[in-house]
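# Structural features, examined
So the chains spell out like this:
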Amino acid sequence: MSQRLIATTYASQLVVVDLQTRLANVMPVEAMQLVIKNTAILLQAAKILAVSTLYTEQYPKGLGHTVSELLPFLEPNSAIEKTAFSCLGEPKFKAKLNRDKPQIMLSGMEAHICLLQTALDLVTSNYQVFVAEDAIISRNPTNKANAIARMREAGCIITNTESICFEWLGKADGDAFKTISQLIR
């Protein structure tokens, strides 16, 4: 089966992995702010374009809940709690994934642990994985770079927030284009 190299709204799902308060507090500050900003853009674009969204929380009792900056763009109380590093290790996550939407856009942390294991499991499960490089983070930039290399070698498409949004749009007209263009500026 050949896969499209462009993200499309009809085939996409956005997955935000473990962007939680206590974990965010130990990340490099400027890089974390950028990840939150870009994830918020992805979440808003997904909402405008009716792209389904899932988000996870790794052991929230210990790591806290999703960062408050993203809560306005997420369905309240719909976080999928997990203890497995890979999202696919959590049966509730697997149950909510839509098999009819084979393109998964990933953002979150940590790039070299939960995000990497999720991406690798998704590829193995025949999903086409797009990783928004500017919307993922690890405490150590070297670990993030290593995770990106591993994901690319496994067949993930390494991209960025703006590319995903404009691929979802497909054309430069209409209210959705105007609104999403404003988000990216």
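Here we summarise the structure given alongside this text. (Residues numbered from 1 in each chain as written. Predicted model: local features only at pLDDT ≥ 70, side-chain atom pairs only at ≥ 80, totals over all residues. Heavy atoms only, no water.)

## Some points on the layout of surface pockets
Roughly 250 Å³ of volume is contained in the largest pocket. In terms of lining, the largest pocket is formed by 14 residues, of which the most central are T53, L54, L74, E75 and S78. Broken down by element, the lining of the largest pocket gets its largest block of residues, four residues, from strand 2 (residues 52–58). A per-class count over the lining of the largest pocket returns eight nonpolar, three polar and three charged. There is about 170 Å³ of room inside the second largest pocket. In terms of lining residues, the second largest pocket is bounded by Y55, E57, H65, T66, L71, E75, P76, N77, S78, A79 and E81. Residues that form the lining of the second largest pocket fall into these classes: four nonpolar, four polar and three charged. (1 Å grid on protein atoms, 1.4 Å probe; cavity = no way out; pocket = protein on both sides within 12 Å on 5 of 7 lines; lining within 4 Å. Points joined across faces, edges and corners; volume = space filled by probe spheres on them. Helix = DSSP H or I, 4+ residues; strand = E, 2+ residues; numbered from the N terminus. Nonpolar A, V, L, I, M, F, W, Y, C, P; charged D, E, K, R; others polar.)

## Describing unusual backbone geometry
Residue E110 follows M109 across a cis peptide bond; omega there is -20°. With a phi close to 60°, A50 is a non-glycine residue in the positive phi region. Its place among the elements puts A50 in the loop between helix 2 (29–48) and strand 2.

## Regarding helix 5 (residues 111–124)
Here helix 5 has its buried residues at A111, C114, L115, L116, T118, A119 and L122. One or two positions beyond helix 5, positive phi appears at N126, with a value near 70°. (Buried < 20%, exposed > 50% of the residue type's maximum accessible area, 1.4 Å probe, protein only.)

## Focus: helix 2
Taking 1.5 Å of rise per residue, the 20 residues of helix 2 would be expected to cover 28 Å, and the 29 Å separating its terminal C-alpha atoms lies within 8% of that figure. Within the sequence span of helix 2, burial applies to M32, V35, I36, N38, T39, A40, I41, L42, L43, A45 and A46. Following helix 2 by one or two positions, A50 adopts a phi angle in the positive range, close to 60°. (Expected span 1.5 Å × (residues − 1).)

## What to know about the pairing of strand 5 (residues 128–137)
By the criterion of burial, strand 5 is predominantly enclosed, with eight of the ten residues buried. The pairing of strand 4 (residues 103–109) with strand 5 spans six bridges and is classified as parallel. Paired with M105 across the strands is F130, a residue of strand 5. Taking the sense of rotation as the criterion, the β-α-β connection linking strand 4, helix 5 and strand 5 turns out right-handed. (Pairing = 2+ DSSP bridges. Right-handed = clockwise from strand over helix to strand, strands pointing away.)

## What to know about the packing of helix 2 against helix 8 (residues 174–184)
Direction vectors running N to C along helix 2 and helix 8 enclose 175°, while the axes themselves pass 10 Å from each other. Classified by the interaxial angle, the pair formed by helix 2 and helix 8 is roughly antiparallel. For the pair helix 2 and helix 8, contact is made by I41, Q44, A45 and I48 and by A176, T179, I180, L183 and I184, respectively. (Axes fitted to C-alpha atoms, helices over the stretch in contact; angles between N-to-C directions. Parallel < 35°, antiparallel > 145°, perpendicular 65-115°, else oblique. Contact = heavy atoms within 4.5 Å.)

## Remarks on the nonpolar core
In this structure, L14, M32, L70, M109 and W168 are the most contacted members of the largest nonpolar core, which totals 35 residues. Counting residues per element, this core draws most heavily on helix 2, which supplies nine residues. When sequence neighbours within four positions are dropped, the list of residues in contact with W168 reads A7, T8, T9, S12, L14, L42, A45, A46, L49, V51 and M105. (Core = buried A, V, L, I, M, F, W, Y, C linked by side-chain atoms within 4.5 Å.)

## Points about the side chain of Q13
Looking at the secondary structure, you find Q13 in strand 1 (residues 12–17). Residue classification places Q13 among the buried positions, given a relative accessible area of 2%. A distance of 2.9 Å separates the side chain of Q13 from the backbone oxygen of N98, its partner in a polar contact. Not counting residues within four places of it along the chain, the set of residues in contact with Q13 comprises V51, S52, K96, L97, N98, K101, Q103, I104, M105 and Y127. (Polar contact = N/O pair within 3.5 Å; in protein donor to acceptor, adjacent residues only side chain to side chain.)

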